[in-house]
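Spelled out, the chains give:
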Amino acid sequence: MEQRLQTEIENYYSFKVQYWPLCDLASNNLIGCCGLRPGLKESYELGFHLRPQFWHKGLAFEAANEVIKYAAAKLKVKELIAGHHPHNLASQKVLLKLGFKCMGTSFYKPTGLMHPSYKLLLGDLKKV
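This section reports on the structure supplied with the text. (Residues numbered from 1 in each chain as written. Predicted model: local features only at pLDDT ≥ 70, side-chain atom pairs only at ≥ 80, totals over all residues. Heavy atoms only, no water.)

**Considerations on the nonpolar core**
- In this structure, C34, L36, L46, I68, L80, L98 and F100 are the most contacted members of the largest nonpolar core, which totals 27 residues.
- Looking at this core, the elements that each hand over two or more residues are β2 (30-38), β3 (44-50), α2 (59-73), β4 (79-83), α3 (89-98) and β6 (113-121).
- When residues in this core are grouped by element, the largest group, seven residues, is from α2.
- Other than its neighbours up to four places away in sequence, L36 contacts V17, Q18, Y19, W20, Y44, E45, L46, V67, Y70, A71, L75 and L80. (Core = buried A, V, L, I, M, F, W, Y, C linked by side-chain atoms within 4.5 Å. Buried < 20%, exposed > 50% of the residue type's maximum accessible area, 1.4 Å probe, protein only. Helix = DSSP H or I, 4+ residues; strand = E, 2+ residues; numbered from the N terminus. Contact = heavy atoms within 4.5 Å.)

Put into structure tokens, the structure is as follows:
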């Protein structure tokens, strides 16, 4: 956990990106996190992780959409990449709704499965 926190701190200072916490304003409960991390070459990877009680409420889409706007406006990023567990169809739907296009699959050693990967060219942004 400490190593993950250190990675997020380093990403913020080096690249001005991190996974930001998402909190419910009314209750101050932690919903999850959403953000960016450095990807390959000059791209960034978008990710979101929500606690199960907050799934299927549109929160991942809302948070990811704001992170995409930040990447385009503040970082002047030209493309984003993303992926998800192959059995997580809800995340797939969020990425497709955001305008990401599937690029194919690649083996992900921690799960032992082929995971889909996606790309979003920020010039192709949907008005959402």
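**Section: the sheet that holds β3**
- Taken in spatial order, the six strands line up as β1-β2-β3-β4-β6-β5 in an open sheet, and their pairing is mixed. Since the sheet does not close on itself, it has two edges, and those belong to β1 (19-23) and β5 (101-108), each with one partner. Shown here is a sheet whose adjacent strand axes are inclined to one another by a mean of 25 degrees, direction ignored.
- Pairing of β2 with β3, which is carried by seven bridges, proceeds in the antiparallel orientation. Its bridge partner being in β3, C34 is matched across the sheet by F48.
- Against the sheet, α2 engages β1, β2, β3, β4 and β6, with an angle of about 30 degrees to β2. (Pairing = 2+ DSSP bridges. Axes fitted to C-alpha atoms, helices over the stretch in contact; angles between N-to-C directions.)

**Focus on the pattern of salt bridges**
- For the structure on display, the rule yields three salt bridges.
- Of the charged contacts, one joins K69 and E66 as a salt bridge, the two residues approaching to 3.2 Å between their closest N and O atoms. One end of the pair is K69 and the other is E66, both in helix α2 and three residues apart, which spans about a single turn.
- On the accessibility criterion, E66 (45% relative accessible area) is partly exposed.
- Notably, a salt bridge pairs K119 with E79, separated by 3.8 Å at the nearest N-O pair. Taken together, the residues span a long stretch of sequence, with K119 in strand β6 and E79 in strand β4 at a distance of 40 residues. (Salt bridge = Lys/Arg side-chain N within 4 Å of Asp/Glu carboxyl O.)

**Examining the state of the cysteines**
- Evaluated as defined, the whole model comprises zero disulfides.
- For the unlinked cysteine C23, the closest cysteine sulfur is that of C33, found at 11 Å.
- The thiol of C34 is not disulfide-bonded; the next cysteine sulfur, from C33, is found 7.6 Å away.
- C34 sits in the buried class, given a relative accessible area of 2%. (Disulfide = S-S within 2.5 Å.)

**Quick look at the environment of D24**
- Considering the arrangement of structural elements, one finds D24 in the loop between β1 and β2.
- Once the C-alpha coordinates of D24 and L120 are considered, the two residues, 96 residues apart in sequence, prove to be 28 Å apart.

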